[in-house]
Amino acid sequence: MPLCQRFLSTDFVGKPDMARTVVLKGSMMSGAAGAAAAAAAAKRREALRREEEQETAPMAAEDGYEYKILRTAWTTFRNPARLQSVLEYESQSGWDLFEKLDDQRLRLRRPITCREQDAERSQDAYRTWVGPSENAAAGFVVAGIAAALAIVMGFAIAFH
């Protein structure tokens, strides 16, 4: 039974303290589960990052190219127009799409000779991130969950 239905259930009519206890316990369990899920996701991201770096390192400089992985917190690269925009920006530094790993990661490459012009460029040729950082993205998600929880709690209290 969803949290708001428990709160509004007829089992708690005339027992507001008991209803609040159920809501608080549900919220704490959600928070603990969310924290565990976030920790597991962080561990997976770190393992994936290490794997990517190991895959990229042997390729570097052996064939006259250097490689980098460009990341984003959102599924930015799913949108073809946004992907094209990012690739056009990166091409100014000589980077070309080598491989689209998924909707959040691209592997780019460029000839090593492009390094010579990096000092003349106004952009960072070695950026590895597009859009808001992972922390900012997580903040947006947490703020959204907090707002949704506040709305549910407001309705639950108003209709009690």
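On a predicted model such as this, the values are computed, not experimentally measured, just so you know.

**Describing the nonpolar core**
Here is step 1 of the chain: One finds Leu70, Phe77, Leu83, Val86, Leu87, Trp95, Leu106, Leu108, Ala125 and Val130 forming the largest nonpolar core, which totals 10 residues.
Here is step 2 of the chain: Taken together, the elements giving at least two residues each to this core come down to α3 (80–91) and β3 (105–111).
Here is step 3 of the chain: In terms of residue count, α3 provides more of this core than any other element does, three residues in total.
Here is step 4 of the chain: In this view, Leu83 contacts Thr76, Phe77 and Leu106; residues no more than four positions away in its chain are not counted.

**As for a nonpolar patch on the surface**
Here is step 1 of the chain: A surface patch of nonpolar side chains, about 420 Å² in accessible area, is lined by Trp74, Phe140, Val141 and Ile145.
Here is step 2 of the chain: Locating Trp74 in the fold gives a position in the loop between β1 (65–72) and α3.

**Brief notes about the pattern of salt bridges**
Here is step 1 of the chain: For the coordinates displayed, the defined rule picks out 10 salt bridges.
Here is step 2 of the chain: Lys68 serves as the salt-bridge partner of Glu90, at 2.8 Å between the closest nitrogen and oxygen. Here Glu90 is found in helix α3, whereas its partner Lys68 is found in strand β1, with 22 residues between them in sequence. The exposure classification of Glu90 matches that of Lys68, with both residues buried.
Here is step 3 of the chain: Note that Arg121 is salt-bridged to Asp118, the shortest N-O span being 2.7 Å.
Here is step 4 of the chain: When its relative accessible area of 21% is taken as the criterion, Arg121 is described as partly exposed.

**What to know about the pairing of strand β2 (residues 96–102)**
Here is step 1 of the chain: Across five bridges, the pairing between β2 and β3 is antiparallel. The residue of β3 that forms the bridge with Leu97 is Leu108.
Here is step 2 of the chain: The turn linking β2 back onto β3 is made up of two residues.

**A word on the pairing of β3**
Consecutive residues of a regular strand have side chains that alternate between opposite faces of the sheet.
Here is step 1 of the chain: With five of seven residues buried, β3 lies mostly within the body of the structure.
Here is step 2 of the chain: Bridge count between β1 and β3: seven bridges; the pairing is antiparallel. Paired with Leu70 across the bridge in β3 is Leu106.

The rules we used
- Residues numbered from 1 in each chain as written.
- Predicted model: local features only at pLDDT ≥ 70, side-chain atom pairs only at ≥ 80, totals over all residues.
- Heavy atoms only, no water.
- Core = buried A, V, L, I, M, F, W, Y, C linked by side-chain atoms within 4.5 Å.
- Buried < 20%, exposed > 50% of the residue type's maximum accessible area, 1.4 Å probe, protein only.
- Helix = DSSP H or I, 4+ residues; strand = E, 2+ residues; numbered from the N terminus.
- Contact = heavy atoms within 4.5 Å.
- Patch = residues over 30% accessible without salt bridge, like charges linked within 9 Å, V, L, I, M, F, W, Y side chains within 5 Å.
- Areas by Shrake-Rupley, 256 points an atom, 1.4 Å probe, with all protein chains shown as cover.
- Salt bridge = Lys/Arg side-chain N within 4 Å of Asp/Glu carboxyl O.
- Pairing = 2+ DSSP bridges.

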